[in-house]
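Summary of the model geometry
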Amino acid sequence: MSNVFKGVEPLVVKSKISVPYHWWAGETASAFFIKLRDEQKISGTWCAACKKLFLPPRKTCPLCFSAQIEWKTVQPVGTVTAFTVVRRQLAAMPRKAPVIYAMIKIDGTETGLLHILDEVKPGDVKIGMRVEAKFAEVRKATIFDIEYFRPAR
Amino acid sequence: MAKRAAIVGTGQTFHKSHRPDVNGQELINEAVSRALLDANLTMKDIDAIIIGNMDHFEGINYVDCWSVDGSGGTMKPVMKITTGGTTGCTIAIGGYHLVASGMFDKVLIVGWEKNSESDTSGAITTAFDPIWDRLVFAGAISGLAAEAQAYIARYGATDRDGARVSVRDRKHALNNPHAQLRKEVSLEEVLASPMLADPIHLLDVCPRTDGACAVIMASEDSAEKITKTPDWIWGTGNRHPYAYLGDADYGRLTSMERTAKEIFKKAGIKEPRKEINVIELYQPYSFAGIIWIEDMGIVPPGKGAEYIWSGATDMGGELPINPSGGVISCNPIGATGLIRCAEAAMQVMGKAEGRQVPDVNHAVSTGFGGCWWTDMILHGKKKPNY
């Protein structure tokens with residue numbers, strides 16, 4: 001690494017800007033998060049033409065682009081379809097490593113929901129494992145209104 | 001008006017973890033100068049430029065204009081294309097569209113990145129949805145790790161299989177003076193390297209890199225006048241799955257499967273394993289070297305590891321993959337896909353020097369992006385008959 005700088009006086013200009021963003025969640029996600037916050041219910045969007053229920057929900061069907069979608073509430077239980085245990089801390093991570101990230105296919109839905117697993121040891125996580133949502137005590141209408149998923153009881 | 005198109009020259013920097021001696025424009029200039037020299041052309045011959053990188057890595061949002069001192073684009077048509085990880089491959093496809101449409105005869109394509117100038121993991125996180133995925137998820141590795149876990153659960157692969165791919169690519173890099181990491185490693189060293197996200201070890205993944213690559217494409221009106229051995233573009237394609245991380249079928253790269261099928265059908269390739277002679281795969285981590293060659297149709301699902309262990313994808317094997325050392329040895333992200341394209345072109349043109357695969361008739365280069373999308377190019381020695 002150090003030989004990269006041999007014979008070079010590396011003059012650096014440091015950034016003085018920071019560009020903070022805020023994203024409007026939008027009509028579809030807002031409807032989902034308000035129901036999650038106020039009723040502790042998880043809901044997806046149903047395409048009658050494709051006969052598929054999507055979670056995260058969408059304004060149009062991602063397969064046929066139909067806008068004829070219908071909201072359906074699902075039970076907060078599902079199956080782990082993929083996971084990893086992140087061992088190294090990154091600044092943007094929501095909690096301290098090790099963190100178990102998992103794709104959870106909520107029963108009856110077509111696609112996976114990305115979330116965190118807890119109340120389970122990293123070595124005990126298996127693909128196919130049944131999990132349930134643990135709702136947060138204080139809810140702010142974000143995906144962390146589901147605090148995490150844990151092994152189904 | 002439509003024309004066949006070919007790559008007639010390529011150029012690259014000697015890629016490094018840091019290039020404190022040059023700024024972005026100067027880095028770009030190195031690759032462009034080498035490509036012009038390779039094609040024996042001057043800037044006057046270039047009709048249009050396509051450039052690409054990932055904006056958040058350098059925080060410069062008018063690269064098309066800012067880069068002209070490096071790209072030679074002053075008062076020429078310049079367009080920027082950026083598609084995350086696939087950027088380098090997408091700019092090649094964009095350049096092909098410009099030439100093949102008959103609108104421009106000679107197009108310069110430039111991919112570059114100075115990953116040392118920002119927080120790579122932070123900037124990569126901008127490739128995920130802010131409402132659904134980004135609060136929960138960070139960096140690039142954990143998504144890949146989840147793919148590997150799902151594949152392992154489905155087909156019974158092990159982390160030894162992944163390590164074998166890493167050993168191959170890191171060995172191949174010894175033949176490529178442009179690669180950043182040129183150090184042979186053993187299976188044991190890969191498996192003993194720190195676990196980043198199960199089952200991915202440090203030596204299973206790509207580094208971050210400063211580097212640039214340039215490719216010149218010309219129409220059939222001038223390609224054979226520029227070089228005796230043009231690399232003809234036989235087909236290009238790309239596919240996106242849907243929007244969120246959870247939408248993918250973990251353990252399978254569906255976008256690769258669809259893209260490969262479309263291109264091979266168009267080119268009349270029925271047995272890709274026998275008809276393709278070399279692949280430059282955008283393979284950011286080792287397990288992708290097993291999983292994605294199955295999706296490409298080289299071997300059936302679940303047979304990737306066996307094929308890798310047979311040595312078929314090593315130099316001297318039936319179908320060498322990543323003679324350049326691949327992405328695991330070098331990853332200047334906006335250039336990475338274009339390096340795959342340039343390396344494939346060099347193989348077809350017989351210009352790959354110490355990493356040349358003999359008698360290349362068809363080569364494939366690919367690009368991969370974070371939320372499971374794929375770009376792909378089929379290269380050929382003969383002019384396509386369509």
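Sequence order as written defines residue numbering, which begins from 1 separately in each chain. Labels follow written order: the first chain is A, the first ligand is 1, and so on. Per-residue local features of the predicted model are confined to residues with pLDDT of at least 70, and side-chain atom pairs are confined, for both listing and counting, to 80 or more; whole-chain, interface and lining totals are unaffected and use all residues.

1. Overview of the packing of helix H5 (residues 87-100) of chain B against helix H15 (residues 333-349) of chain B
All names here are of chain B. Rule in force here: Here, axes are lines fitted to C-alpha atoms. For helices the fit covers the stretch in contact, and angles between N-to-C directions go from 0 to 180 degrees. Counting from the N terminus, the helices are the DSSP runs of H or I reaching at least four residues and the strands are the DSSP runs of E reaching at least two. In this scheme, roughly parallel covers angles under 35 degrees and roughly antiparallel covers those over 145, while 65 to 115 is roughly perpendicular and the rest are oblique. We call two residues in contact if the C-beta atoms placed from their backbones are at most 7 Å apart. Polarity classes work like this: nonpolar for Ala, Val, Leu, Ile, Met, Phe, Trp, Tyr, Cys and Pro, charged for Asp, Glu, Lys and Arg, and polar for all others, with Gly in that last group.
Packing of H5 against H15 leaves a shortest axis separation of 5 Å and a crossing angle of 60 degrees. The orientation of H5 relative to H15 falls into the category oblique. Mapping the contact onto sequence places Thr87, Gly88, Cys89, Thr90, Ile91 and Ala92 in H5 and Gly334, Ala335, Thr336, Gly337, Leu338, Ile339, Arg340 and Cys341 in H15. For the contact of H5 with H15, the class distribution of residues is seven nonpolar, six polar and one charged.

2. Things to note about the sheet that holds strand S1 (residues 5-12) of chain B
Residues and elements named next belong to chain B. Filter applied, for reference: DSSP bridges decide pairing: two strands pair if at least two such bridges lie between them.
Strand order in the open sheet formed by nine strands is S3-S2-S4-S7-S1-S8-S11-S10-S9, with mixed pairing between adjacent strands. Only two strands of the sheet have a single neighbouring strand rather than two, namely strand S3 (78-80) and strand S9 (278-280). Sheet twist, expressed as the mean angle between neighbouring strand axes with direction ignored, is 25 degrees. In this structure, S1 lies alongside strand S7 (residues 210-219), joined through seven bridges in antiparallel fashion. Residue Gln12 lies in a different strand from S7, and its bridge partner there is Cys213. Sheet strands touched by helix H1 (residues 24-39): S1, strand S4 (106-114) and S7. Its angle to S1, the strand with the most contacts, is close to 130 degrees.

3. Focus on the interface of chain A and chain B
Contact with chain A, which involves 36 residues of that partner, is made by 36 residues of chain B. Here the element with the most residues in the side of chain A that touches chain B is strand S4 (residues 77-86) of chain A; it accounts for six residues. Among the residues making up the side of chain A that touches chain B, the classes are represented as 27 nonpolar, seven polar and two charged.

4. Quick word on the domain arrangement of chain B
Residues and elements named next belong to chain B. Formally: Boundaries between domains were set according to an automatic or database domain assignment.
Along its sequence, chain B is carved into domain 1 (5-119 + 209-226) and domain 2 (121-207 + 231-380). The gap between the C-alpha centroids of domain 1 and domain 2 is 22 Å. Opposite the 39 residues of domain 1 that make contact, domain 2 presents 40 residues. Contributing elements (two or more residues each) for the side of domain 1 that touches domain 2: S1, helix H2 (55-58), H5, S4 and S7. When grouped by side-chain class, the residues that make up the side of domain 1 that touches domain 2 number 16 nonpolar, 19 polar and four charged.

5. Some points on helix H13 (residues 288-295) of chain B
All names here are of chain B. Short version of the rule: Exposed residues have 12 or fewer other C-beta atoms within 10 Å of their own C-beta, buried residues have 20 or more, and partly exposed residues fall in between, where C-beta atoms are placed from the backbone.
Most of H13 sits out of view: eight of its eight residues are buried. Every buried residue of H13 is accounted for by Ala288, Gly289, Ile290, Ile291, Trp292, Ile293, Glu294 and Asp295. Here the buried face of H13 lies against helix H7 (141-155), helix H8 (159-172), helix H11 (254-267) and helix H14 (304-309). At the C-terminal side of H13, Gly297 shows a positive phi close to 90 degrees.

6. Considerations on the sheet that holds strand S2 (residues 52-54) of chain A
Residue and element names in this part refer to chain A. Spatial ordering of the open sheet is given by S2-S1-S3, a layout of three strands whose pairing is antiparallel. In this open sheet, the two edge strands, each paired with only one partner strand, are S2 and strand S3 (69-74). Ignoring which end each strand starts from, the neighbouring axes of this sheet average 40 degrees apart. Relative to S3, strand S1 (residues 42-47) is paired through six bridges, and the arrangement is antiparallel. The residue bridging Gly44 from the neighbouring strand is Lys72, located in S3.

7. A short note on the environment of Ile46(B)
Residues and elements named next belong to chain B. Counting through the fold element by element, Ile46 comes out in the loop between H1 and strand S2 (48-52). Given 23 C-beta atoms within 10 Å, Ile46 falls into the buried group. Spatially, the C-alpha atoms of Ile46 and Val185 are 42 Å apart, while their sequence positions differ by 139 residues.

8. Details of H1(B)
Residues and elements named next belong to chain B. The following threshold applies: One less than the number of residues in a helix, times 1.5 Å, gives the span that helix is expected to have.
Between its first and last C-alpha atoms H1 spans 23 Å; for 16 residues at 1.5 Å apiece the expected length is 22 Å, and the two agree. Residues Gly24, Leu27, Ile28, Asn29, Glu30, Ala31, Val32, Ala35, Leu36, Asp38 and Ala39 constitute the buried set of H1. Against S1, H2, helix H4 (68-71), S4, S7 and helix H10 (223-226) lie the buried residues of H1. Phi turns positive, to about 55 degrees, at Asn40, one or two residues after H1.

9. Overview of the nonpolar core
The test is simple: Any set of buried Ala, Val, Leu, Ile, Met, Phe, Trp, Tyr and Cys residues joined through C-beta atoms within 7 Å is what this text calls a nonpolar core.
Among the nonpolar cores identified, the biggest contains 154 residues, and Ile109(B), Val110(B), Val215(B), Met217(B) and Leu338(B) are the most heavily contacted of them. Sequence-distant contacts of Ile109(B), that is, excluding residues within four places in its chain, are made with Ile50(B), Ile91(B), Ala92(B), Gly95(B), Ala214(B), Val215(B), Met217(B) and Leu338(B).

10. Some thoughts on the pairing of S2(B)
Residues and elements named next belong to chain B. For S2, the buried fraction is high: four of the five residues fall into the buried class. By the bridge criterion, five bridges tie S2 to S4 in an arrangement that is parallel. Bridge assignment links Ile50 to a residue of S4, and that residue is Ile109. With three bridges joining them, S2 and S3 adopt parallel strand pairing. By the bridge assignment for S3, Ile49 is matched with Val78.

11. Topic: the environment of Arg37(A)
Residues and elements named next belong to chain A. Considering the arrangement of structural elements, one finds Arg37 in helix H1 (residues 26-39). When the C-alpha atoms of Arg37 and Phe144 are compared, they prove to be 9.8 Å apart, with 107 residues separating the residues in sequence. Ignoring anything within four residues of it in the chain, the contact list for Arg37 reads Arg139, Ala141 and Asp145.

12. Section: the pairing of strand S8 (residues 231-239) of chain B
Looking down a regular strand, the side chains alternate between one sheet face and the other. Residue and element names in this part refer to chain B. Of all nine residues in S8, seven are buried, a share of seventy percent or more. Strand direction decides the pairing type here: S1 and S8, joined by two bridges, are antiparallel. Among the inter-strand pairings, Ala6 is bridged to a residue of S8, identified as Trp232. Bridge count for S8 against strand S11 (residues 373-380) is seven bridges, and the pairing is antiparallel. Bridging from a neighbouring strand, Asn238 pairs with Asp375 of S11.

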